[in-house]
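Here is how the chains run, residue by residue.
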Amino acid sequence: MGVSVRAASPEALRDALGPLVGGRVRAAAEGDSVAGVRPAAVAEPGDEAAVAAVLALADREGLKVLPRGGGTQLGLGHPPAGGDILLDLGRLGAVVEYAPGDLTVTAQAGLRLTDLQAALAKEGQWLALDPALPLAATIGGIVATNASGPRRLRYGGVRDQIIGVRVARPDGTIARGGGKVVKNVAGFDLPKLFTGALGTLGVIIDATFRLYPIPAASRTVVLTAPEPAPLCDLTLRIIGSTLIASAIDVYGDTTSSEGPRLAVRFEGRRRRLRIRRGAWSRWRVILAQGRGPCAAKRRIGSSGAGCPSIRPGRPSPGWSAAPRSSCC
Amino acid sequence: MTVTDPAETAAPPVDYAQLARELEAVVGPQGLIARPEQLRVYEADGLVAYRQTPALVTLPATTEEVQGVVRLCHRYGVPYVPRGSGTGLSGGAMPVAGSVVIGLSRMQRILDVDIPNQRVVVQPGVLNLWVTQRVAPHGYYYAPDPSSQQVCSIGGNVAENSGGAHCLKYGFTVNHVLGLRVVLPGGDVVDLGGPTLDSPGYDLTGIFVGSEGLLGVCTEITLRIVRKAEAVELLLAAFPTIDGAGEAVSGIIGAGIVPAAAEIMDALAIEAAEAAVHAGYPPDAGAILLVELDGHPTEVAAQYARVEALCRRAGATELRKARDAEERLLMWKGRKAAFAAAGRISPNYIVQDGVIPRTLLPQVLRDIAALGADYGLRVANVFHAGDGNLHPLVLYDDRNEGEEHRAEELAGEILKICVGYGGSITGEHGVGMEKRGYMPVMFSEADMETHQMIRCAFNPGNLCNPGKVYPTPRLCGEVPGKYRPHPLELAGVADRF
Ligand SMILES: Cc1cc2nc3c(=O)[nH]c(=O)nc-3n(C[C@H](O)[C@H](O)[C@H](O)COP(=O)(O)OP(=O)(O)OC[C@H]3O[C@@H](n4cnc5c(N)ncnc54)[C@H](O)[C@@H]3O)c2cc1C
């Protein structure tokens, strides 16, 4: 290539990109800016080869590439030091391989979490990640930002679920790390390196995860207190007890109408949850050990079954990402 | 990317006598081993078929001393090999020619125990089981439990990302390491990760765990500890065929139950185990399945009933429940002795470590049996059934002309079968020296070149544990070595699992 496409013009860049991505290239709109950086072109590759071709071109020409999934977390990290091509991965939206019996799935980077969860729910399974904005967030973005939600307490974060990754290196070379089996120690753990790397090491093409069965039932209990400290204290007590909570969140503050709250979620078979509810006596022990203010300001809940401080509640917004589970 | 192999570059001859004097100034006289007969102690790890005497062995006692040793090695251009307890089964801690071994066995202190935050900080030479022993009075334990746990070090566990029978439910070493202090090649000391779950930036802890000593020497580790379960139950189910046992495991997992452990043994493995330890396994079973459940007592009871029903549906001919901890131990004993027990039914054997998607077990075992028949050799199988980790034992007799070679070839072919079904060449023993020739079966040139970029970022001079994990062209196609009992096994201190 004689003249640098970058030196030429944004149009020349888009002309050069067009054939690589089947014509799916356009000028950037205002909404395509990343932290104030407006790229010259938006390219929408439809497959791995197209991603590789765009990156190889950029590498040759010294162009800067900004990968984008659902665009929900582009503000994370330092603002990019310039950007020529915005690489929109939304068309890489396939479930590559789903093995329900092995509880593993390989999904392309642009697949939205909500769509993946819907596909998995048909088999009664889910990817045990509940990050914010599941409707928009994509698999690639979730991995790149190491996004997780309240239930990381029980299931771990992205690094604990990801078992394989395919990436395009900045020079366009496609490389793989890990595999599609849950136990595997062959070679460096590339999947973990790309988790939370914010797209700075290359572009994620697809990722493989271990899956979990969707719990048959889910119950959340919410506690209030005049200030957060006793709730935090209680959190440590719950974690240190034999109760197995899926998630524990302390949220709200003294200025909010309901005050600081502590939400604790339990999941499992219906029968097991009844057992957990039957274990209120243990809750009471835990609560009684709590420092004064928490115990003092217990709310009497109608369904508290004799345990005054516990009432069914509506927890924090990020809490709702549970697939097909019910909150009482 | 250019990868420098110290063995290939014509380096000027090293003055080892001078290096030894300088090392001694760093680690003191007790920290340096230079006498040939003492050096031989370090010539192999658990893969005893591979041997190489090191030039020198150092036993540093602090991070600063490790740093001093690493700096000297770099100044002299001498390769160095980190070593924990030397129980690794793939030759990861085997010295390379002219190398300095950095043994961590003098760094054995538990530095901090923080029960409310469920974490413990240890030095790398601390033995796996010590962590559990230390926190057990508080109702906690350290979850990754390789069967070498009485003797293997946490530093070695970190380097191998070791697992145990219970990693099906509780995860591997990497899921339990929060932070690391590492002496990088070159000598810089860095802290990776931290005391909490997420540290901002790259997951360098994640990449260091399982890196088999290629990325530096870790000198401090922050571990998570786990609350001990209130109840444990163990079920033994006998099946006429291995297919039935596999079907039962699929049924259990399909029902949303995650057992603490699920182990299958085939008829040949049962025969060997019975001959060795008399665990009382049903003698004419085609396969047995061991399922351990743990958690809340009522929940465990409910799950147990369910598991029993699923086993029955899959054709179990006999179901046994361990009545107490003692009986549990006995039932586990046969399984834990299975590797060493192969010696009862065959003069020699190779222990293989491959992974397959769990649901393909019956198919893969049929392929392995057919292949064995082609080679005229028997293969016994023990299997971490929940996560698809297969340990085929290739039986042979080295007194028969050419049989050892055929066995080695068969062991290699089995790995290829695993990869062909979408699996891996190693689930827990690591690649090390032994399996580096098989990495190209699983990974493309581009994959491995990319992995090398990580190596080069941490260890550009390739002095830190060179020649391990990734093949060099000269060594492609090497076949794994035969099983020889580890001295620990002979002494009855540990069983392979
Ligand atoms: C009888 C027997 C049973 C076994 N059972 C299991 C099992 O159930 N599950 C399992 O996963 N493994 C098992 N193993 C394998 C072995 O015990 C594990 O791999 C263990 O983690 C090795 O620990 P080590 O201290 O002996 O390490 P070593 O063998 O000394 O070293 C292993 C690797 O770690 C590196 N290394 C050691 N310390 C450090 C450090 N501080 N910093 C950087 N790198 C370091 C070495 O260079 C080497 O590459 C078994 C082995 C035997 C002999």
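## Re the sheet that holds strand 1 (residues 32-33) of chain B
Residue and element names in this part refer to chain B.
Okay, so step 1: Ordered by their spatial adjacency, four strands build an open sheet running 1-2-4-3, and the pairing between neighbours is mixed. Here the strands that pair on one side only, and so sit at the sheet edges, are strand 1 and strand 3 (80-83).
Okay, so step 2: Relative to strand 4 (residues 100-103), strand 2 (residues 56-58) runs parallel, the two sharing three bridges. When the bridges of strand 4 are listed, L56 appears paired with V100.
Okay, so step 3: Contacts from helix 3 (residues 63-76) reach strand 2, strand 3 and strand 4 within the one sheet, and its direction differs from that of strand 4 by about 170°.

## With respect to the site of the ligand
Residues and elements named next belong to chain B.
Okay, so step 1: P82, T87, S148, S153 and S162 are the nearest of the 36 residues found near the ligand.
Okay, so step 2: The backbone of G84 places a nitrogen or oxygen atom 2.7 Å from an oxygen atom of the ligand.
Okay, so step 3: Within the contact set of the ligand, an oxygen atom lies 2.8 Å away from a backbone nitrogen or oxygen of G86.
Okay, so step 4: In isolation the ligand exposes 990 Å². Once the protein is present, 100% of that is buried.
Okay, so step 5: Within the residue set of the shell around the ligand, elements represented by two or more residues are strand 3, helix 5 (154-160) and strand 10 (217-224).
Okay, so step 6: Here the shell around the ligand takes five residues from helix 5, the largest share from any one element.
Okay, so step 7: Residue classes in the shell around the ligand are distributed as eleven nonpolar, 18 polar and seven charged.
Okay, so step 8: Both domains that furnish three or more residues to the shell around the ligand are identified here as domain 1 (6-105 + 445-496) and domain 2 (110-227).

## Focus on the interface of chain B and chain A
Okay, so step 1: With 65 residues of chain B in contact, the opposing surface of chain A contributes 45 residues.
Okay, so step 2: Summed over both sides, the interface of chain B with chain A buries roughly 4,500 Å², with 56% coming from carbon and sulfur.
Okay, so step 3: Summed over the three residues of chain B that lose the most area to chain A, namely Y202, D203 and E299 of chain B, the buried surface amounts to 12% of that side.
Okay, so step 4: At the junction of chain B with chain A, the criterion picks out three salt bridges.
Okay, so step 5: Between R169 of chain A and E449 of chain B there is a salt bridge; the shortest N-O distance is 2.9 Å.

## Some thoughts on the pairing of strand 6 (residues 119-122) of chain B
Residues and elements named next belong to chain B.
Okay, so step 1: Burial along strand 6 is two-sided: the face carrying R119 and V121 and the face carrying V120 and V122 are both buried.
Okay, so step 2: Direction of pairing for strand 5 (residues 110-114) relative to strand 6: antiparallel, over a ladder of four bridges. Paired with D112 across the bridge in strand 6 is V121.
Okay, so step 3: Hairpin geometry of strand 5 and strand 6 is characterised by an intervening segment of four residues between the two adjacent antiparallel strands and by a positive phi of about 55° at Q118.

The rules behind the values
Residues numbered from 1 in each chain as written. Chains lettered and ligands numbered in written order. Predicted model: local features only at pLDDT ≥ 70, side-chain atom pairs only at ≥ 80, totals over all residues. Heavy atoms only, no water. Pairing = 2+ DSSP bridges. Helix = DSSP H or I, 4+ residues; strand = E, 2+ residues; numbered from the N terminus. Contact = heavy atoms within 4.5 Å. Axes fitted to C-alpha atoms, helices over the stretch in contact; angles between N-to-C directions. Near = heavy atom within 4 Å. Polar contact = N/O pair within 3.5 Å; in protein donor to acceptor, adjacent residues only side chain to side chain. Areas by Shrake-Rupley, 256 points an atom, 1.4 Å probe, with all protein chains shown as cover. Nonpolar A, V, L, I, M, F, W, Y, C, P; charged D, E, K, R; others polar. Domains from an automatic or database assignment. Buried area = accessible area lost by both parts, 1.4 Å probe. Salt bridge = Lys/Arg side-chain N within 4 Å of Asp/Glu carboxyl O. Buried < 20%, exposed > 50% of the residue type's maximum accessible area, 1.4 Å probe, protein only.

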